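If you want the building blocks of each chain, they are given just below.
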Amino acid sequence: MEDYQRGLIGQMAARLDLYDSGEVSLPKLVEDLRGLFDAADPHELSVRDSFQWLWADLDAESELRTEPWAPPGLADDAHLSGILHGLRSWVTSVTEATYPGSA
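About the thresholds
Residues numbered from 1 in each chain as written. Predicted model: local features only at pLDDT ≥ 70, side-chain atom pairs only at ≥ 80, totals over all residues. Heavy atoms only, no water. Salt bridge = Lys/Arg side-chain N within 4 Å of Asp/Glu carboxyl O. Helix = DSSP H or I, 4+ residues; strand = E, 2+ residues; numbered from the N terminus. Buried < 20%, exposed > 50% of the residue type's maximum accessible area, 1.4 Å probe, protein only. Phe/Tyr/Trp six-rings, centres within 6.5 Å; stacked < 30°, edge-to-face > 60°. Lys NZ or Arg CZ within 6 Å of the ring centre and 35° of its normal.

J.: Explanation requested: the pattern of salt bridges in the structure shown.
T.: For side chains of opposite charge, pairing can occur when their charged atoms come near one another. Tallied over the full model, the rule gives nine salt bridges. Between Asp-17 and Arg-88 there is a salt bridge, with the nearest N and O atoms lying 2.7 Å from each other. Residue Asp-17 is located in helix α1 (residues 3-20), and its partner Arg-88 is located in helix α4 (residues 77-96); the two are separated by 71 residues in the primary sequence. Across the pair Arg-65 and Glu-61 runs a salt bridge whose closest N-O atoms are separated by 3.1 Å. Linking Arg-65 with Glu-61, this pair stays in helix α3 (residues 45-66), spanning four residues, or about one helical turn. Its relative accessible area of 32% is what places Arg-65 among the partly exposed residues. Judged by relative accessible area, which is 4%, Glu-61 ranks as buried. Linked through salt bridges whose partners overlap, the residues forming this network are Arg-15, Lys-28, Glu-31 and Asp-32.

J.: Could you clarify how one ought to interpret the packing of aromatic side chains in this entry?
T.: Tallied over the full model, the rule gives three aromatic pairs. With a centroid separation of 6.2 Å and an interplanar angle of 55 degrees, the aromatic rings of Phe-37 and Trp-90 are classed as tilted. One end of the pair, Phe-37, is in helix α2 (residues 26-40); the other, Trp-90, is in helix α4, and 53 residues separate them in sequence. Classification of Trp-90 as buried rests on a relative accessible area of 6%. Measuring from centroid to centroid gives 5.2 Å for Phe-51 and Trp-90, while their planes differ by 45 degrees, and the two rings are tilted. Pair noted here: Phe-51 is in helix α3 and Trp-90 is in helix α4, with a separation of 39 residues, a long-range link. Exposure class is identical for Phe-51 and Trp-90. Each is buried. Here the aromatic residues Phe-37, Phe-51 and Trp-90 are joined through ring pairs into a cluster of three or more. The ring of Trp-55 carries the charged tip of Arg-34 above its face, separated from the ring centre by 4.2 Å.

Here is the structure:
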């Protein structure tokens, strides 16, 4: 993984902080994380798959909170907290990992 890719993925931590502080809505967080990931375009399958699982879960939880079709009471704060924790851990592990072929 290239340094610029690590940098883009590392910026996800700042977006998570903005969400935690209330400066960014959950739908905006979902959008920002996807945008940073797509811009980083990591080639490692494990990185791509692990992000996709976490992001899809976050996107689904966001929809339960924002879409008119979502019945009240389905959103789960504990589940959301776990997803956010998982994303923070993912960012740390990806930015600190060494990948074959990396500089």
